[in-house]
Amino acid sequence: MRYREQVARVKRRAFRDQIYWGRPVPGFGDPRAKLLILGLAPAAHGANRTGRVFTGDRSGEFLYRELWRAGFANQPESLRRDDGLKLSNAYISATVRCAPPDNKPLPEEIRRCTPYLESELDLLRPRAVLALGRIAFDAYLRILKQRGAIQRTSQFQFSHGARCLLPEPLPRIYASYHPSQQNTQTGRLTPAMMASVLRQIAKFLDRDES
């Protein structure tokens, strides 16, 4: 909490004339979505500034562009809360709701934020969950284990493009590297790689509804 508020007070020079959100960032998207996209945490000068997940930073530029290409978003840009962006059949949440130092949340922060994610899961009842990065992947599996839906988290291994089939009515889990600048600028995660995962999800959801 202190970090997010400190960032909101000090600000980055490029955004010094803007009013930072500086509070926990809620999920965003279609309330009837069948796809839940689970990220890590608000970026200090991204969502912590704009108040919307993956908005106002390079990770969001990459993610929303690919969601638009896949038909899950009405536009490829995500600049601010009032920019007209809408998601279709997709909802984006985060493992941690407040911007952590160095984008590395502590286990205690994850634990405190888990009830918010659980509430979203109960309300949405998604058919697919896309975990962006290992931390999000593990956080979702821990919820399933705590609820008795799976026996062990270790039976599921994170890798880009991984798919985990669970007993009905549990959603299918998909995994992708997080669209951080570190991953996208080094080529560890490319647009083609993300597009491939989103195509698989779209096909699964289409079959599931037919």
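You'll find the structure just up there.
Residues numbered from 1 in each chain as written. Predicted model: local features only at pLDDT ≥ 70, side-chain atom pairs only at ≥ 80, totals over all residues. Heavy atoms only, no water.

Let us look at the packing of aromatic side chains. Per the counting criterion, the structure on display carries three aromatic pairs. On the numbers, 5.5 Å between centres and 65° between planes, the contact of Phe 137 with Phe 158 is edge-to-face. Of this pair, Phe 137 sits in helix 5 (residues 134-146) while Phe 158 sits in the loop between helix 5 and strand 5 (163-164), and the two are 21 residues apart along the sequence. For Phe 158, a relative accessible area of 12% puts it in the buried group. (Phe/Tyr/Trp six-rings, centres within 6.5 Å; stacked < 30°, edge-to-face > 60°. Helix = DSSP H or I, 4+ residues; strand = E, 2+ residues; numbered from the N terminus. Buried < 20%, exposed > 50% of the residue type's maximum accessible area, 1.4 Å probe, protein only.)

Let us look at the pairing of strand 2 (residues 35-39). Regular strands have side chains that alternate between both faces of the sheet. Strand 2 sits mainly inside the fold: five of its five residues count as buried. Because side chains alternate across strand 2, one face comprises the buried residues Leu 35, Ile 37 and Gly 39, and the other comprises Leu 36 and Leu 38, equally buried. Pairing analysis gives five bridges linking strand 2 to strand 3 (residues 90-94), with the strands arranged parallel. Within the sheet, the bridge partner assigned to Gly 39 lies in strand 3 and is Ala 94. Of the strand pairs in this sheet, strand 2 and strand 4 (residues 128-132) are connected by four bridges, and their pairing is parallel. Of the residues in strand 4, the one forming a bridge with Leu 36 is Val 129. (Pairing = 2+ DSSP bridges.)

Moving on to the side chain of Arg 127. Its location among the elements puts Arg 127 in the loop between helix 4 (107-124) and strand 4. A distance of 3.3 Å separates a polar atom in the side chain of Arg 127 from the backbone oxygen of Pro 169. (Polar contact = N/O pair within 3.5 Å; in protein donor to acceptor, adjacent residues only side chain to side chain.)

Strand order in the open sheet made by the six strands is 1-3-2-4-6-5, with mixed pairing throughout. Each end of this open sheet is capped by a strand with a single partner; those strands are strand 1 (28-29) and strand 5. Pairing of strand 4 with strand 6 (residues 172-176), which is carried by five bridges, proceeds in the parallel orientation. Across the sheet, Ala 131 pairs through a bridge with Ala 175, a residue of strand 6. With respect to the sheet, helix 5 is in contact with strand 2, strand 4, strand 5 and strand 6, its orientation differing from that of strand 6 by roughly 160°. Sheet contacts for helix 7 (residues 191-209): strand 2, strand 4, strand 5 and strand 6; angle to strand 6, the most-contacted strand, approximately 170°. (Contact = heavy atoms within 4.5 Å. Axes fitted to C-alpha atoms, helices over the stretch in contact; angles between N-to-C directions.)

Moving on to the pattern of salt bridges. One pass over the structure, following the stated rule, counts eleven salt bridges. Ionic pairing is found between Arg 97 and Glu 120, a salt bridge with its closest N-O pair at 2.7 Å. Of this pair, Arg 97 sits in the loop between strand 3 and helix 4 while Glu 120 sits in helix 4, and the two are 23 residues apart along the sequence. Taking the relative accessible area as the measure of exposure, Arg 97 reaches 6% and is therefore buried. Arg 111 serves as the salt-bridge partner of Glu 108, at 2.6 Å between the closest nitrogen and oxygen. Within this pair, Glu 108 and its partner Arg 111 are both found in helix 4, separated by three residues, close to a single helical turn. (Salt bridge = Lys/Arg side-chain N within 4 Å of Asp/Glu carboxyl O.)

This part is about unusual backbone geometry. The amide bond that connects Glu 168 to the next residue, Pro 169, takes the cis arrangement and shows omega of 5°. As for its placement among the helices and strands, Pro 169 is situated in the loop between strand 5 and strand 6. With phi around 65°, Asn 89 is a residue other than glycine that occupies positive phi space. Tracing the backbone through its elements, the reader meets Asn 89 in the loop between helix 3 (58-69) and strand 3.

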